[in-house]
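An overview of the molecular structure
Read off the chains here:
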Amino acid sequence: MAKKSIRIRAEIKGDVTEVKALMSHEMETGLRTDKKTGEKIPPHFIKEVVCEHSGKQVLLANWSVAVSKNPYLSFKFKGAKKGESVKVSWTDNKGDTDTDEETIK
Amino acid sequence: MKRRTFLQGTIASSMVGAAVSAGLLTPRMVLAAWPESAFSAKSVDEALNSLVGSVTHSASGDIKIKAPDIAENGAVVPITISTSLPKVESISVLVEKNPSPLAADFKLAANSEGFVSTRVKMGKTSDLIAIVKSGGNLFSAKKEVKVTIGGCGG
């Protein structure tokens, strides 16, 4: 898995923080067949995304193969301050994982 | 094919087990185990039954689904769900006519706003269903998206 697979942007407006995250992942469904060999391409997808703010979970996403390639995720929460950080981590069905943090602007 | 998915599922869960014993995962992450049966369910009711233990949900005007009326590319359908319902515990996204309807399930914290946005794949023209769990009850909203090129299989 490539390094730095997550891009995060967190912006505070009033008391609501909006987080946007873009992950690079192929999100293979397991339904497609390889046209050359005729074999099924095994599924490879992000199963779980955990978003945390100062050690507290604000969002847990459970995903299936139906989430698009290079998944985009956006959510909003209250109670954060400018300069604090948001952490996003994903785990895929092969047990690969990645984490990144971003400061709230 | 079924057997293969089953085997893979077993391997994946045993790997999670190994990661837990190695102390790689925090206990909280373990509690939120991935709902295998809900994601493999072949119908909306089956998925809901497995995910939240109930198929009864009432349509609510307080849930808004923002998605295109026509999606040229079913592989990438942007969807935004927002709700003004109080105490939102979870938001689930289902694509009625996908091989497995449940696409994503979001668990929200007490300080989260009732808002999620993502992109999903749609095999063909279908209803998008948003299920919001608020104060222990299920509320739903639907929106049809016409798909010109499917996003599943190939």
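Reading the values: the criteria
- Residues numbered from 1 in each chain as written.
- Chains lettered and ligands numbered in written order.
- Predicted model: local features only at pLDDT ≥ 70, side-chain atom pairs only at ≥ 80, totals over all residues.
- Core = buried A, V, L, I, M, F, W, Y, C linked by C-beta atoms within 7 Å.
- Buried ≥ 20, exposed ≤ 12 C-beta atoms within 10 Å, placed from the backbone.
- Contact = placed C-beta atoms within 7 Å.
- Pairing = 2+ DSSP bridges.
- Helix = DSSP H or I, 4+ residues; strand = E, 2+ residues; numbered from the N terminus.
- Axes fitted to C-alpha atoms, helices over the stretch in contact; angles between N-to-C directions.
- Arc of directions from axis to C-beta.
- pLDDT = per-residue confidence, 0-100.

**Some points on the nonpolar core**
Ranked by size, the top nonpolar core spans 61 residues in total, and within it A:Val49, A:Cys51, B:Leu94, B:Ala103, B:Val120 and B:Ala130 carry the most contacts. When near neighbours in sequence (up to four residues on either side) are disregarded, B:Leu94 contacts B:Val44, B:Ala47, B:Pro101, B:Leu102, B:Ala103, B:Ile129 and B:Ile131.

**A look at the sheet that holds strand S1 (residues 6-13) of chain A**
By definition, the strands of a sheet pair up through backbone hydrogen bonds, in either a parallel or an antiparallel sense. Taken together, the 6 strands give an open sheet; going across it, the order is S1(A)-S2(A)-S5(A)-S7(B)-S4(B)-S2(B), and neighbouring strands pair in antiparallel fashion. The open sheet has two edge strands, S1 of chain A together with strand S2 (63-66) of chain B, and neither has a second partner. Direction aside, neighbouring strands of the sheet carry axes that sit 15 degrees apart on average. Pairing of S2(B) with strand S4 (residues 77-83) of chain B, which is carried by 4 bridges, proceeds in the antiparallel orientation. Its bridge partner lying in S4(B), B:Ile65 is registered against B:Ile81.

**So, helix H4 (residues 44-52) of chain B**
Residue and element names in this part refer to chain B. Of the residues making up H4, those classed as buried are Val44, Ala47, Leu48 and Leu51. Summarising the axial view, the buried residues of H4 lie within an arc of 95 degrees, below the 170-degree limit, and thus occupy one face. Buried residues along H4 sit in contact with helix H3 (36-40), strand S5 (88-95), strand S6 (102-108) and strand S8 (126-134). The positive-phi residue at the C-terminal boundary of H4 is Gly53, with phi of around 75 degrees.

**Considerations on the confidence of the model for chain B**
Residues and elements named next belong to chain B. In this model, chain B carries a mean pLDDT of 79, and residues with pLDDT of at least 70 account for 76%. For chain B, per-element mean pLDDT is lowest for helix H2 (residues 27-31), which scores 44, and highest for S4, which scores 92. Counting contacts from residues 20-31, a segment whose pLDDT is below 50, to residues more than four positions away or on other chains yields 7 contacts. Here the predicted complex scores 0.78 on pTM and 0.87 on ipTM.

**A short note on the interface of chain B and chain A**
Facing 36 residues of chain B, the contacting portion of chain A comprises 31 residues. Residue contributions to the side of chain B that touches chain A peak at 8 residues, all from strand S7 (residues 112-120) of chain B. Both strand S4 (residues 56-63) of chain A and S6(B) contribute to a ladder of 5 bridges, which runs antiparallel. The residue bridging A:Leu60 from the neighbouring strand is B:Lys107, located in S6(B).

**Here's the deal with the environment of A:Phe45**
Residue and element names in this part refer to chain A. Structurally, the position occupied by Phe45 is in the loop between strand S2 (16-23) and strand S3 (46-53). Note: C-alpha distance between Phe45 and Asn70 (25 residues apart in sequence) is 9.9 Å. In contact with Phe45, not counting residues within four places along its chain, are Met27, Glu28, Trp63, Val65, Asp92 and Asn93.

**Comments concerning unusual backbone geometry**
All names here are of chain A. Its identity is not glycine, yet Asn70 carries a phi of approximately 50 degrees, on the positive side. Among the secondary structure elements, Asn70 is positioned in the loop between S4 and strand S5 (72-78). For Asn70, a count of 14 C-beta atoms within 10 Å gives the class partly exposed.

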